[in-house]
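This is what each chain is made of:
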Amino acid sequence: MHNPIQDLTKKEWLLWLGSLLIVILSNLVSGSVDVLTLVAVCVGITSLIFAAKGNVWAQILMIVFSILYGIISWRFRYWGEMITYLGMTMPMAVWSTITWIRNPSKNGNEVEIQKLNRKHIAGLSVFSVAVTAAFYYILHVLDTPNIVFSTISVTTSFLAASLTMLRSSYYALGYAMNDIVLIVLWVLASLKNPAYIPVAVNFAIFFLNDLYGFVSWKKREAVQG
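Just so it is clear, the structure is predicted and the values come from calculations on it, not from any experiment.

Caption draft 1: Here's a closer look at the nonpolar core. One finds Ile45, Phe65 and Trp186 to be the most contacted residues of the largest nonpolar core, which totals 59 residues. Put simply, the parts of the chain that give this core at least two residues each are α1 (10-29), α2 (35-52), α3 (57-76), α4 (79-102), α5 (118-141), α6 (147-165), α7 (171-192) and α8 (197-224). For this core, the element with the highest residue contribution is α3, accounting for 9 residues. Those residues in contact with Phe65 that lie beyond four places of it in its chain are Ala40, Val43, Gly44, Tyr85 and Phe206.

This is the structure in structure tokens:
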């Protein structure tokens with residue numbers, strides 16, 4: 001349970017504080033600050049910064065973010081997002097917390113990165129299809145708005161959470177793809193209620209942080225060998 005803050009580089013401090021500043025300003029400029037959304041996003045951004053360092057605190061914060069985001073999604077009737085984060089992302093973040101603690105790198109400050117094998121890829125493919133089909137049916141029954149994008153979000157969330165649990169550097173690409181889908185979802189939501197524009201901005205910031213996470217993990221993967 002190493003403290004990740006003390007290992008942040010100047011670039012990471014700039015990315016972290018800059019991201020927080022942008023989302024706070026975007027919420028303030030909108031004229032309708034939603035405290036829950038703002039808190040959730042700040043927790044999410046911090047989680048991504050710590051995840052880029054391979055620190056287990058990232059998964060603990062992801063558990064908190066999943067709960068908060070599930071509540072936000074419930075308010076807009078994005079059932080897919082709510083079910084995904086509370087019923088899938090949160091439990092898998094708990095699982096990831098355990099696997100990351102059990103598999104530290106040699107320096108003990110970060111998780112050991114694992115390369116995917118054929119068994120991992122086959123399992124991810126099969127379960128992704130099954131999860132997509134099951135959730136599409138559930139979302140259809142619940143009359144979920146923007147069901148196609150909601151279903152894609154479920155699939156990308158599953159892949160991202162699974163890759164995180166497997167300690168793969170590609171987890172960040174999974175979340176980056178999910179961020180793109182979420183940007184679309186919340187832009188569509190903001191067409192009905194402009195108050196949700198900051199949420200779309202928030203996920204644009206998440207996207208940039210996830211790209212940094214992928215680059216960071218790839219560099220550490222090369223060092224770990």
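Caption draft 2: Region of the structure containing a nonpolar patch on the surface. Where nonpolar side chains cluster on the molecular surface, the patch consists of Leu21, Ile24, Leu25, Leu28, Val33, Val35 and Val39 and spans about 590 Å² of accessible area. Elements that contribute at least two residues to the nonpolar patch include exactly α1 and α2. In terms of residue count, α1 provides more of the nonpolar patch than any other element does, 4 residues in total. By secondary structure assignment, the location of Leu21 is in helix α1.

Caption draft 3: Up close: the packing of α3 against α4. Viewed as axis vectors pointing N to C, α3 and α4 meet at an angle of 175°, and their least axial separation amounts to 8 Å. Viewed along their axes, α3 and α4 adopt a mutual orientation that is roughly antiparallel. Within the contact between the two elements, α3 uses Gln59, Ile60, Met62, Ile63, Phe65, Ser66, Ile67, Tyr69, Gly70, Ser73 and Trp74 and α4 uses Trp79, Glu81, Met82, Tyr85, Leu86, Thr89, Met90, Ala93, Val94, Ser96, Thr97 and Trp100. In terms of residue class, the contact of α3 with α4 is made up of 15 nonpolar, 7 polar and 1 charged.

Caption draft 4: Structural detail: the pattern of salt bridges. Enumeration according to the criterion identifies 3 salt bridges in this entry. The closest approach of N and O atoms between Glu110 and Arg220, which form a salt bridge, is 3.3 Å. A residue pair is termed long-range when its members are at least 10 positions apart, and Glu110 in the loop between α4 and α5 and Arg220 in helix α8 qualify at 110 residues. The exposure class of Glu110 is buried, given its relative accessible area of 17%. Lys218 is paired through a salt bridge with Glu221; the nearest N and O atoms lie 3.3 Å apart. Of this pair, Lys218 and Glu221 both sit in helix α8, 3 residues apart, which is roughly one turn of the helix. When its relative accessible area of 27% is taken as the criterion, Lys218 is described as partly exposed.

Conventions and cut-offs
- Residues numbered from 1 in each chain as written.
- Predicted model: local features only at pLDDT ≥ 70, side-chain atom pairs only at ≥ 80, totals over all residues.
- Heavy atoms only, no water.
- Core = buried A, V, L, I, M, F, W, Y, C linked by side-chain atoms within 4.5 Å.
- Buried < 20%, exposed > 50% of the residue type's maximum accessible area, 1.4 Å probe, protein only.
- Helix = DSSP H or I, 4+ residues; strand = E, 2+ residues; numbered from the N terminus.
- Contact = heavy atoms within 4.5 Å.
- Patch = residues over 30% accessible without salt bridge, like charges linked within 9 Å, V, L, I, M, F, W, Y side chains within 5 Å.
- Areas by Shrake-Rupley, 256 points an atom, 1.4 Å probe, with all protein chains shown as cover.
- Salt bridge = Lys/Arg side-chain N within 4 Å of Asp/Glu carboxyl O.
- Axes fitted to C-alpha atoms, helices over the stretch in contact; angles between N-to-C directions.
- Parallel < 35°, antiparallel > 145°, perpendicular 65-115°, else oblique.
- Nonpolar A, V, L, I, M, F, W, Y, C, P; charged D, E, K, R; others polar.

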